[in-house]
Amino acid sequence: MTLTDHAERLRALPFRTILSIRAATKPLSAAGWTVDLSRHYLDTDATAALFALAERHDLKGALASLFDGEKVNTSEDRAALHWALRAAHPETEEAQQVRQSVLAAETLAQEIAWATRKGASGERFDTIVHIGIGGSDFGPRLIADAFEDKRRDDIDLRYCANLDPLDLDLALSGLDPARTFVVGVSKSFGTEETLYNLGRARDWVRAGVGKDWAKHFALVTANPARATDWLDGAEGLLLDLPESIGGRFSIWSAGSLACSIALQSDVMEDFRAGAEAMDKHVERADIADNLAIRLALLDYWNASVLGFGARALLAYSRRLRLLPAYLQQLEMESNGKSVRPDGHAVSEATAPLLWGGEGTIGQHSYHQWLHQSPSMVPAEFIIAPGATDELDGVTGLTAHALAQAEVLANGRSLADVQADEPHLPLEIAAQKVHAGGRPSTIMHAPRLTPYRLGSLIALFEHRTYLAGKLWGLNSFDQWGVERGKTMAGKLKPALRGERQVSDAITAKLIAQIRS
Ligand code: F6P
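Analysis parameters
Residues numbered from 1 in each chain as written. Predicted model: local features only at pLDDT ≥ 70, side-chain atom pairs only at ≥ 80, totals over all residues. Heavy atoms only, no water. Helix = DSSP H or I, 4+ residues; strand = E, 2+ residues; numbered from the N terminus. Rg over C-alpha atoms; globule rule 2.2 N^0.38 Å. Buried < 20%, exposed > 50% of the residue type's maximum accessible area, 1.4 Å probe, protein only. Contact = heavy atoms within 4.5 Å. Areas by Shrake-Rupley, 256 points an atom, 1.4 Å probe, with all protein chains shown as cover. Lys, Arg positive; Asp, Glu negative; His and termini not counted. Charge placed at Lys NZ, Arg CZ, Asp CG, Glu CD. Pairing = 2+ DSSP bridges. Axes fitted to C-alpha atoms, helices over the stretch in contact; angles between N-to-C directions. Right-handed = clockwise from strand over helix to strand, strands pointing away. Near = heavy atom within 4 Å. Polar contact = N/O pair within 3.5 Å; in protein donor to acceptor, adjacent residues only side chain to side chain. Nonpolar A, V, L, I, M, F, W, Y, C, P; charged D, E, K, R; others polar. Domains from an automatic or database assignment. Expected span 1.5 Å × (residues − 1). Phe/Tyr/Trp six-rings, centres within 6.5 Å; stacked < 30°, edge-to-face > 60°. Lys NZ or Arg CZ within 6 Å of the ring centre and 35° of its normal.

(A) Spatial organisation of the overall build of the protein. Looking only at helices and strands, one finds 20 helices and 11 strands in the protein. Compactness check: the protein gives a C-alpha radius of gyration of 25 Å against a globular reference of 24 Å for 515 residues, within 12% of the reference. Principal-axis analysis of the C-alpha atoms places the extent of the protein at approximately 75 × 60 × 55 Å. Here the protein holds 515 residues, and the buried ones make up 51% of them. For the protein, long-range pairs separated by at least 24 residues make up 74% of all intrachain contacts whose partners lie at least 6 apart in sequence. Per element, the accessible surface of the protein, about 22600 Å² overall, is 52% carbon and sulfur. In the protein, 54 positive and 66 negative side-chain charges are present, and the distance between their average locations comes to 3 Å.

(B) Examining the sheet that holds strand β9 (residues 353–358) more closely. Pairing in this open sheet of six strands is mixed, and the strands run β1-β2-β11-β10-β8-β9 from one edge to the other. Looking along the sheet, the strands with just one partner apiece sit at the ends: β1 (28–30) and β9. Strand-to-strand twist of the sheet, defined as the mean angle between neighbouring strand axes without regard to direction, takes the value 15°. Summarising the sheet, β1 and strand β2 (residues 33–36) pair through three bridges and their orientation is antiparallel. Each bridged residue has a counterpart across the sheet, and for A30 the counterpart in β2 is W33. Contacting β8 (310–316), β10 (379–383) and β11 (440–444), helix α15 (residues 391–410) runs over the sheet at an angle of about 165° to β10.

(C) Summary view of unusual backbone geometry. For the bond running from G359 to T360, omega is 5°, close enough to zero to count as cis. Mapped onto the fold, T360 is located in the loop between β9 and α14 (367–372). Phi at D58 is positive, roughly 50°, even though this residue is not glycine. For D58, the location among the structural elements is in the loop between α3 (44–56) and α4 (59–67). For D58, a relative accessible area of 44% translates into the label partly exposed. Phi angles above zero are rare outside glycine, and D77 is one such case at about 55°.

(D) Representation of the pairing of β9 in the model. Judged from the six bridges that link them, β8 and β9 form a sheet pairing that is parallel. Within the sheet, the bridge partner assigned to L314 lies in β9 and is G357. Between the parallel elements β8 and β9, the chain passes through helix α13 (residues 323–335) in a crossover that is right-handed.

(E) Focus on the site of the ligand. In the vicinity of the ligand, 14 residues are found, and the nearest of them are S136, S186, K187, S188 and T191. Within the side chain of S188, an N or O atom sits 2.6 Å from an oxygen atom of the ligand. Starting from 390 Å² of accessible surface for the ligand in isolation, the protein chains cover 86%. In terms of residue class, the shell around the ligand is built from two nonpolar, nine polar and three charged.

(F) Representation of the domain arrangement of the protein in the model. Along its sequence, the protein is organised into domain 1 (3–68 + 270–471), domain 2 (82–263) and domain 3 (479–514). A C-alpha centroid distance of 32 Å is found between domain 2 and domain 3.

(G) Looking closely at α13. With 13 residues, α13 should cover 18 Å at 1.5 Å per step; its first-to-last C-alpha distance of 18 Å lies within 8% of that length. Taken together, the buried positions of α13 are occupied by L323, P324, Y326, L327, Q329, L330, E331, E333, S334 and N335. As for α13, its buried residues are in contact with α6 (138–146), β8, β9, β10 and α18 (450–471).

(H) Structural context of the sheet that holds strand β3 (residues 127–131). An order of β4-β3-β5-β6-β7 is seen for the five strands of this open sheet, with the pairing classed as parallel. With one partner strand each, in any of the chains shown, β4 (156–160) and β7 (237–240) form the two edges of the open sheet. Taking each pair of neighbouring strands and ignoring which way they run, the sheet shows an average axis angle of 20°. Relative to strand β5 (residues 180–185), β3 is paired through five bridges, and the arrangement is parallel. Each residue of the ladder has a partner; that of H130, found in β5, is V183. On top of the sheet, helix α5 (residues 93–113) reaches β3, β5, β6 (217–221) and β7; it is set at about 145° to β7, its chief contact.

(I) Here's a closer look at the packing of aromatic side chains. Tallied over the full model, the rule gives 13 aromatic pairs. Relative to F217, the ring of W213 has its centre 5.5 Å away and its plane inclined at 80°; by these criteria the two rings are edge-to-face. Here W213 matches F217 in class, with each residue buried. These aromatic residues form a ring-pair network of at least three members: F189, W213, F217 and W230. The lysine or arginine in question, R206, covers the ring of W213, its NZ or CZ lying 5.3 Å from the ring centre.

If you want it as structure tokens, here you go:
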């Protein structure tokens, strides 16, 4: 039987029938997380067929290649060594060098946090401004937002990513350049948004502190030559972002220097330790127990076999409110592709649209759509309260997440509505019907700690890589983002009135905007 046969067989059954059998399914667990896959269109036979798929695609071999430092990023002819950034004792020389880049950043962070390194006028730094975009921004922003309550009292943290000048204006507003330290992160050191914002920040610092302005900057990059040019003879701090670290896998790197400075010293250490624990699990566990393999298989099953084009990520955790945006880049920039490295098109759907937000807040918004729109989207609930000392809140948060998952799955029939509320007019009762049949995953941790954030992100990284293997994709490149950049470069002169454009609608829009 093919996977499609299994899907058709299961789709023909009432979801409740499948769930009554799957209720006995044991949850999986690793590195502080428990994951329950009961509420999916799966049974023992379909799961066995997926395990066979994992064998055919040699997912265990793919993991071995990753952790052996083989060149898994084939189009760029590079290894993907993000795991080495969090490995306490990496074995190979290359992995040790990668790890060293983190240790250098940690040393610098302590110097700034403890004011043994000061600004041009001898004042201690009290604000860190992080400038970067995409993978050079989402990660530190996520960690800092998650552990805002673990920020040092004496250091503020600001961010700037957008080309809209207001973003930097707001980031710098009220700051004293003499006490401000700027962390500029760009792997390529060629990204327009980052260079624009860094340039404006440099002007602002230079106007405030004079010739020693570069003491207020650390540049994290894989392109030290370009960063050195940017410094224009001034002596600035350069930190290494190794070539083998993709931007969206760089949360563990020196690129998170701002967090290392501004958060309590154990946060980043625990964060990386959690990731290392997940690495060990994923590297060693068998297919059946391996969280990353199971989730990658589920992604393939839901997107490519059952045809669900989207997945909702519902984070019941204040600390994880930025997680959907973070994972959008990780998953959609990695696997939002349709051509394999050999140039052949993929014949099936690949990475779904990933979207979502923070529970319970989303319940007062798009959950209406999840429950009652004709579109069906699998949901992934992450239940991980940020604090556990207020039991009522934790109980409420958890109850809401579980209730949402139950209603999505079981729905509410017209007969149920009428039994509960017999006097309702039929047209109202009909509007209270929930179709149900909507699958979901429950990921649970009793409390969201830095360790568990680390293990969760590492899990998603491995899941993304393995799902990419199932689709036959290279998850480490991103050709699709390049075209828009090139086009924008051509349109700027047209917006300044210096040249014409050939596209009639763009030409019309430019004329409107210029007028
Ligand atoms: O959006 C494309 C991208 O290349 C991402 O992959 C990357 O994280 C981001 O731009 C920023 O790139 P850089 O770190 O080179 O400035």
